[in-house]
Amino acid sequence: MKKVLIIFTTFIALFTLAACHDDSMDANKMGSKIEKKYLEKNSYGIWEDKDNSSVQYSVNDKDKIVGIEFNYKQGYKSVSSKAAMANYRSKTADDLKWIKDDLYYSKSKKQYYRISENIDSDGKVSHASIFFNH
């Protein structure tokens, strides 16, 4: 009886987590069509995240994202390399790996990316840009 209760409780917990999934987490990744419900254009015509204006998107004429900029200093606090990498992966692919210099690769997407970082005097990332490597 305990095993049935544990399995049932686990099933309910997993179902609840699946129902709480936020669509915005999967939206606005490199190469995808922009999800305008999560973005707004600033006064310069640049797409920005509604919740975090320090993230800006460049799009092509088909509204597909071809570049993303993270301006960490806009929030007045630079971030660690580890935190920055988590942001890059959230906008590219979970398996993003550093190759050399500013070149990164995602095996699952079969795509190379260029990530340019500005590092402040504390060794933290203050600004970063992601672009496709063509």
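Up top is the structure these notes are about.
Residues numbered from 1 in each chain as written. Predicted model: local features only at pLDDT ≥ 70, side-chain atom pairs only at ≥ 80, totals over all residues. Heavy atoms only, no water.

**Brief notes about the pattern of salt bridges**
Alright, step 1. Under the counting rule described, the total for this entry stands at two salt bridges.
Alright, step 2. Of the charged contacts in the structure, one is a salt bridge between Asp-63 and Lys-36, with a shortest N-O distance of 3.6 Å. With a gap of 27 residues between them, Asp-63 in the loop between strand E3 (55–59) and strand E4 (65–71) and Lys-36 in the loop between helix H1 (2–19) and strand E1 (39–41) connect regions that are remote in the sequence.
Alright, step 3. For Asp-102, the salt bridge is made with Arg-114, and the minimal N-O distance between the two is 2.5 Å. Taken together, the positions of Asp-102 in the loop between strand E5 (97–100) and strand E6 (103–106) and Arg-114 in strand E7 (residues 111–119) put the pair twelve residues apart, joining distant regions of the chain.
Alright, step 4. Overall, Asp-102 belongs to the partly exposed group, its relative accessible area being 27%. (Salt bridge = Lys/Arg side-chain N within 4 Å of Asp/Glu carboxyl O. Helix = DSSP H or I, 4+ residues; strand = E, 2+ residues; numbered from the N terminus. Buried < 20%, exposed > 50% of the residue type's maximum accessible area, 1.4 Å probe, protein only.)

**A short note on the sheet that holds E6**
Alright, step 1. Overall, antiparallel pairing links the eight strands, which are arranged E1-E2-E3-E4-E8-E7-E6-E5 in an open sheet. On the outer flanks of this sheet lie E1 and E5, each paired with one strand and no other. On average, each strand axis in the sheet is tilted by 30° relative to the strand beside it, whichever way the strands run.
Alright, step 2. The pairing of E1 with strand E2 (residues 47–49) spans three bridges and is classified as antiparallel. By the bridge assignment, Leu-39 is partnered in E2 with Asp-49. (Pairing = 2+ DSSP bridges. Axes fitted to C-alpha atoms, helices over the stretch in contact; angles between N-to-C directions.)

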